[in-house]
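Here is what each chain is made of, one letter per residue.
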Amino acid sequence: MLTLDGVTVRFGERAALDAVDLDVAEHETVCVLGPSGSGKSTLLRVVAGLQPLDGGRVLLGGADQAGVAVHRRGLGLMFQDHQLFPQRDVAGNVAFGLRMRGASRAEQADRVRELLELVGLPGAERRAVAALSGGEQQRVALARALAPSPRLLMLDEPLGQLDRTLRERLVVELRSVFAQLGTTVLAVTHDQGEAFALADRVVVMRDGRIAQSGTPLEVWQRPASEFVARFLGFENVVPATVTGEAASTPWGKVPVPPGSAQGEAHVLIRPAGVRLVPEREGLGCLVVARTFRGSHVGVRLRPGVGPVLEAECEVGAAPGVGAGVGVVFAPEGVVVLDPRPTPPLP
Ligand SMILES: Nc1ncnc2c1ncn2[C@@H]1O[C@H](COP(=O)(O)OP(=O)(O)OP(=O)(O)O)[C@@H](O)[C@H]1O
């Protein structure tokens, strides 16, 4: 459906996109994730035709889009500040793209009714958009973007300004709407929870390049690099030398899963792989903080050697701040991060 082939965009000396290759298949939802300034919005703007290329090609359905105007690309856009028309009612907003295409009044009304049902706002046609909640406005923006049946729907931080509970609910609804309609989606977000919940495939960007691409599970279980692991919020990442089934780390020897890459690498120890034992039985640590996280308690530990460690304990079993504990590492919680560059996309 969509192919980016060596797409490069420069602003002065700096490449906002540096020879990016990316494919999005029909019916696929791809979420581009990355820190501020990594090139996510530039990527969307390039696909939309809002940003000229300094190199490479953008193809939609196999056709090179060079010189094709924004409104002729068959895209649906839903951007952060969803920019509804405040003077029009809900129906007037949703029907906008249909009117532009010359649909009859009856066609418009049918499609608007259908879409409002789909986004969970049945019968909202005559409501004023200014009187809607943030979440309702977001649904209207989605219905508006979907109304002309775009071949590719592009979302930029679609749920950015909404509160967490609402975001979590809307993500589930979005997924179900996309599945029902078979929509192809390219979304951009800096919120990993949103990306992981929405996407069939996650693409992590760093400095205008793709740092990793994979299913949410693949990326979560096997971050490709120290950068990706840290971006996902993991803190227990250290340089190591792997020999056989052990890694030498600043925390001492750590067991690694069988078949791990050998030699110099970074290792990630998931907090759940950091097991607390009596003080004299493992690496001695001091508990420096404790955070209740609902299903578990996060415990920060200062070891005698090496950087601070994060551990995860069952609620009720977490030691108090100031306690001395021992730590052992469970091999199933250890990931040797691949020192090789991310393999190209299939
Ligand atoms: N019009 C522009 N002129 C100059 N530099 C730009 C322009 N647009 C983007 N950049 C630069 O290109 C880089 C990528 O920007 P981009 O907006 O694509 O990042 P982003 O990942 O979307 O960030 P954010 O999450 O903060 O929106 C940044 O360094 C940014 O400063």
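Residues numbered from 1 in each chain as written. Predicted model: local features only at pLDDT ≥ 70, side-chain atom pairs only at ≥ 80, totals over all residues.

1. Here we look at the domain arrangement of the protein
Each domain of the protein was delimited in the assignment, giving domain 1 (2–226) and domain 2 (227–337). A straight line from the C-alpha centre of domain 1 to that of domain 2 covers 38 Å. At the junction of the two partners, domain 1 supplies 13 residues and domain 2 supplies 11 residues. Of all the secondary-structure elements, those providing two or more residues to the side of domain 1 that touches domain 2 are strand 9 (201–206), strand 10 (209–214) and helix 8 (216–221). The class makeup of the residues in the side of domain 1 that touches domain 2 is 7 nonpolar, 3 polar and 3 charged. (Domains from an automatic or database assignment. Contact = placed C-beta atoms within 7 Å. Helix = DSSP H or I, 4+ residues; strand = E, 2+ residues; numbered from the N terminus. Nonpolar A, V, L, I, M, F, W, Y, C, P; charged D, E, K, R; others polar.)

2. Some words on helix 4 (residues 105–118)
Taking 1.5 Å as the rise per residue, helix 4 with 14 residues should run 20 Å; its terminal C-alpha atoms sit 20 Å apart, in good agreement. The set of residues buried in helix 4 consists of Q108, R111, V112, L115 and L116. One face of helix 4 carries all of its buried residues, which in axial projection span an arc of 130 degrees. Where the residues of helix 4 are buried, they touch helix 2 (90–94), helix 3 (96–100) and helix 5 (134–146). Phi turns positive one or two residues past the end of helix 4, at G120, with a value near 80 degrees. (Expected span 1.5 Å × (residues − 1). Buried ≥ 20, exposed ≤ 12 C-beta atoms within 10 Å, placed from the backbone. Arc of directions from axis to C-beta.)

3. With respect to the nonpolar core
Grouped together as the largest cluster of nonpolar side chains are 98 residues, with contacts concentrated most on V94, M154 and V267. Counting residues per element, this core draws most heavily on helix 5, at 6 residues. A domain split of this core shows at least three residues from each of domain 1 (2–226) and domain 2 (227–337). Excluding its chain neighbours within four sequence positions, the residues that come into contact with V267 are V238, A240, A247, T249, V254, V256, V334, V335, V336 and L337. (Core = buried A, V, L, I, M, F, W, Y, C linked by C-beta atoms within 7 Å.)

4. Concerning the pairing of strand 19 (residues 324–329)
The alternating pattern of strand 19 places V325, V327 and F329 on a buried face and G324, G326 and V328 on a face that is not buried. Pairing of strand 15 (residues 274–277) with strand 19, which is carried by 4 bridges, proceeds in the antiparallel orientation. Paired with V274 across the two strands is F329, which belongs to strand 19. One ladder, built from 4 bridges, connects strand 16 (residues 283–292) with strand 19; its direction is antiparallel. By the bridge assignment, L286 is partnered in strand 19 with G324. (Pairing = 2+ DSSP bridges.)

5. So, the sheet that holds strand 7 (residues 152–156)
Taking strand neighbours across the sheet as the criterion, the 6 strands line up as 6-7-8-3-9-10 in an open arrangement whose pairing is mixed. Each having just a single partner strand, strand 6 (75–78) and strand 10 make up the two edges of the open sheet. Taking each pair of neighbouring strands and ignoring which way they run, the sheet shows an average axis angle of 20 degrees. Relative to strand 6, helix 5 is tilted by about 165 degrees, and along the sheet it contacts strand 6 and strand 7. (Axes fitted to C-alpha atoms, helices over the stretch in contact; angles between N-to-C directions.)

6. So, unusual backbone geometry
With a phi angle near 50 degrees, A19 is a residue other than glycine that sits in the positive phi range. Checked against the element boundaries, A19 lands in strand 2 (residues 14–24). The partly exposed category is assigned to A19, around which 15 C-beta atoms lie within 10 Å. Backbone geometry at H27 places phi at a positive 70 degrees, although glycine is not the residue there. Mapped onto the elements of the fold, H27 is located in the loop between strand 2 and strand 3 (29–33). For H27, a count of 14 C-beta atoms within 10 Å translates into the label partly exposed.

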